[in-house]
Amino acid sequence: MFVVATVSLFIAMILVLIRLFAGPSLYDRVLALNSFGTHTVLFIGVIGFLMGRPDFLDIALLYALINFVGTIAILKYFRYRAIGDVRRDMSEADS
């Protein structure tokens, strides 16, 4: 049963990669990248279960955290064109 889950996750990851490269807009591509990260976390968890390695769950949780923070950073960059603190010009602050 878990082998079927692994194969279906792998097929879903391939389909998400197709959507990543063929996405019509930037936000579709970011959503596909986030979905690929989520599928990767699930894939690592299932592979760890099949191999009898519970320490893979720690790796999957760390990857999930990196995926979340990375998605937020990418979206912030494309919204403000900066990763750090955003400074406004005086002309923008007045209007």
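The structure we're discussing is the one just above.
Residues take numbers from 1 onward in each chain, read along the sequence in its written order. Predicted model: local features are reported for residues with pLDDT of at least 70 only, side-chain atom pairs are reported and counted for 80 or more only, and whole-chain, interface and lining totals are derived from all residues. Side-chain calculation: all heavy atoms of the structure are included, whereas hydrogens and water are not.

## Focus: a nonpolar patch on the surface
- A cluster of nonpolar side chains, contributed by Met1, Phe2, Val3, Val7, Phe10, Ile11, Ile14, Leu15, Ile18, Phe49, Leu50 and Met51, occupies part of the molecular surface with about 1300 Å² of accessible area.
- Going along the chain from the N terminus, every DSSP run of H or I of four or more residues is numbered as a helix, and every run of E of two or more is numbered as a strand. Looking at the nonpolar patch element by element, the count peaks at eight residues for helix H1 (residues 2–22).
- Along the chain, Leu50 falls in helix H2 (residues 26–51). Patches in this entry comprise residues that are over 30% relatively accessible and not in a salt bridge; like charges within 9 Å are linked, as are nonpolar side chains (Val, Leu, Ile, Met, Phe, Trp, Tyr) within 5 Å. In short, Shrake-Rupley with a 1.4 Å probe defines the accessible areas, and a residue's cover is counted only from the protein chains shown. For this analysis, a salt bridge means a side-chain nitrogen from Lys or Arg found within 4 Å of a carboxyl oxygen belonging to Asp or Glu.

## Re the pattern of salt bridges
- Evaluated as defined, the whole model comprises one salt bridge.
- In this structure, Arg53 and Asp55 form a salt bridge, with 3.2 Å as the shortest nitrogen-oxygen distance.
- Relative accessibility thresholds used throughout: buried, under 20% of the residue-type maximum; exposed, over 50%; partly exposed, between the two (1.4 Å probe, protein chains only). By relative accessible area, Asp55 is classed as partly exposed at 34%.

## Remarks on the packing of H1 against H2
- Helix axes are fitted only over the stretch in contact, all axes being lines through C-alpha atoms; the angle between N-to-C directions runs from 0 to 180 degrees. Across the interface, H1 lies against H2 with an axial gap of 9 Å and an inter-helix angle of 160°. On the basis of their axis angle, the class for H1 and H2 is roughly antiparallel. The element H1 and its partner H2 pack so that their crossing is left-handed.
- Ten residues, namely Ala, Val, Leu, Ile, Met, Phe, Trp, Tyr, Cys and Pro, are considered nonpolar, four, namely Asp, Glu, Lys and Arg, are considered charged, and the remaining ones, Gly among them, are considered polar. Residue classes in the contact of H1 with H2 are distributed as 18 nonpolar, four polar and two charged. In these notes the angle categories are as follows: under 35 degrees is roughly parallel, over 145 is roughly antiparallel, 65 to 115 is roughly perpendicular, and the rest is oblique. Two helices that cross are described as forming a left-handed crossing if the nearer one is turned anticlockwise from the farther one by less than a right angle, and a right-handed crossing if clockwise.

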